[in-house]
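Fold and contact review
Chain by chain, the residues:
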Amino acid sequence: MTVQAYLAFEGNCQEALNFYADCFNAEIKNRQTYADKELDVPSSYRGKLQHAELKGNGVHIMAYDATPDTPLTDGSKIHLSIDLDQKENAEDLFKKLSSGGRIHHDLREREWKALFARFTDKYGINWMINCDI
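Here we summarise the structure given alongside this text.

Cut-offs applied
- All residue numbers here refer to positions counted from 1 along the written sequence of the relevant chain.
- It should be noted that, the model being predicted, local features are given only for residues of pLDDT at least 70 and side-chain atom pairs only at 80 or more, the latter also being counted only at that level, while totals for whole chains, interfaces and linings use all residues.
- Heavy atoms from the whole structure form the basis of all side-chain values; hydrogens and water molecules are not counted.
- Secondary structure elements are defined from DSSP: runs of H or I of at least 4 residues count as helices, runs of E of at least 2 residues count as strands, and each element is numbered from the N terminus.
- Each residue gets one of three labels from its accessible area relative to the maximum for its type: buried under 20%, exposed over 50%, partly exposed in between, using a 1.4 Å probe on protein chains only.
- The convention is simple: Lys and Arg are positive, Asp and Glu are negative, and His and the chain ends are not counted.
- Whenever a carboxyl oxygen of Asp or Glu lies within 4 Å of a side-chain nitrogen of Lys or Arg, that contact is scored as a salt bridge.
- Within 3.5 Å is the distance limit for a polar contact, defined as a pair of N or O atoms, with the added protein rule that one can donate a hydrogen and the other accept it, and that residues adjacent in sequence qualify only through two side-chain atoms.
- Note on contacts: a residue pair is in contact if any heavy atoms of the two residues lie within 4.5 Å.
- Criterion for a disulfide: a pair of cysteine sulfur atoms at a distance within 2.5 Å.
- By nonpolar core is meant a set of buried Ala, Val, Leu, Ile, Met, Phe, Trp, Tyr and Cys residues that side-chain atoms within 4.5 Å join together.
- Take the residue count of a helix, subtract one, and multiply by 1.5 Å to get its expected span.
- The arc in question is the one traced by the directions running from the helix axis out to the C-beta atoms.
- Strand pairing is assigned whenever DSSP identifies at least 2 bridges connecting the two strands.
- Each axis is a line fitted through C-alpha atoms, taken for helices only over the stretch in contact, and angles between the N-to-C directions span 0 to 180 degrees.

What about the side chain of Arg-110?
Residue placement: Arg-110 occurs in strand E6 (residues 102-110). As a buried residue without a salt bridge, Arg-110 has its nearest oppositely charged side chain in Glu-111, at a separation of 6.1 Å. Within the structure, Arg-110 has its side chain in polar contact with the backbone oxygen of Asp-106 (distance 2.6 Å).

Quick look at the side chain of Ser-98
Relative to the elements of secondary structure, Ser-98 occurs in helix H2 (residues 87-98). Using a relative accessible area of 9% as the deciding quantity, one classes Ser-98 as buried. For Ser-98, the side chain forms a polar contact with the main-chain oxygen of Phe-94, separated by 2.6 Å. If we ignore the near neighbours within four places in the chain, the residues touching Ser-98 are Ile-103 and Phe-119.

Some words on the state of the cysteines
Here the structure, examined in full by the defined rule, presents 0 disulfides. Here Cys-23 is not cross-linked by a disulfide; its sulfur's nearest cysteine counterpart is in Cys-13, at 15 Å. Counting only cysteine sulfurs, Cys-23 is the nearest neighbor of Cys-131, a cysteine outside any disulfide, at a range of 17 Å. Its relative accessible area of 0% is what places Cys-131 among the buried residues.

A word on the nonpolar core
Grouped together as the largest cluster of nonpolar side chains are 33 residues, with contacts concentrated most on Leu-7, Phe-9, Tyr-20, Phe-24, Leu-54, Leu-97 and Trp-127. Breaking this core down by element, the ones donating at least two residues are strand E1 (6-9), helix H1 (13-24), strand E3 (49-56), strand E4 (59-65), strand E5 (80-84), H2, strand E7 (114-120) and strand E8 (126-132). Counting residues per element, this core draws most heavily on H1, which supplies 8 residues. Contact partners of Phe-9, with chain neighbours within four places excluded, come to Ala-16, Tyr-20, Tyr-45, Ala-63, Tyr-64, Asp-65, Ala-66, Leu-72, Tyr-123 and Ile-125.

Let's talk about H2
For H2, built from 12 residues, the straight-helix expectation of 16 Å at 1.5 Å per residue is met to within 8% by its first-to-last C-alpha distance of 16 Å. Listed in full, the buried residues belonging to H2 are Ala-90, Leu-93, Phe-94, Leu-97 and Ser-98. All buried residues of H2 fall inside an arc of 105° around its axis, so they share one side. Exposed and facing more than 90 degrees away from the buried side of H2 are Glu-88 and Lys-95.

Section: the sheet that holds E4
If you trace the 4 strands from one edge of the open sheet to the other, you get E1-E4-E3-E2, paired in mixed fashion. On the outer flanks of this sheet lie E1 and strand E2 (27-33), each paired with one strand and no other. Averaged over all adjacent pairs, the angle separating strand axes in this sheet is 20°, with direction ignored. In terms of strand pairing, E2 meets E3 through 5 bridges, oriented antiparallel.

What to know about the pattern of salt bridges
Summed over all chains, the structure comprises 3 salt bridges. A salt bridge links Lys-29 to Glu-27; the nearest nitrogen and oxygen atoms lie 3.9 Å apart. Here Lys-29 falls in the partly exposed class, since its relative accessible area comes to 36%. A residue is classified by how much of its surface remains accessible, and Glu-27, at 51% relative accessible area, is exposed. When the shortest N-O distance is used, the salt bridge between Lys-55 and Glu-53 registers 3.8 Å. For Glu-53, a relative accessible area of 9% puts it in the buried group.

Read these as layout, nothing more, since geometry by itself doesn't imply function.
Structural data, given as structure tokens:
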């Protein structure tokens, strides 16, 4: 069994996936737009992503641009959690992913003998980084 995250965006999915691809050194795969779909979306939305996946380097995230009639709100019920085993990688990823976002808990050593951070990135996605030390 595999459980995966599927992220919804409001028209900036490609931009967000480019950002995440750079942060995780992963590739965008299975990129599909609304262009050839028989869906009732505005013509200006036809180039937006109806589905895409970010894969590589231990990451597999699916994402799409929700249609304009789909209400989206930034949620706080889910966080994507990243487990790392090297301090330098945790520091680098925290710096990249949190850039332009809001930091809730800065990356620092916690009582469970790990580096931990919690933040919301510039696209409204919640993340946690945990690195054993």
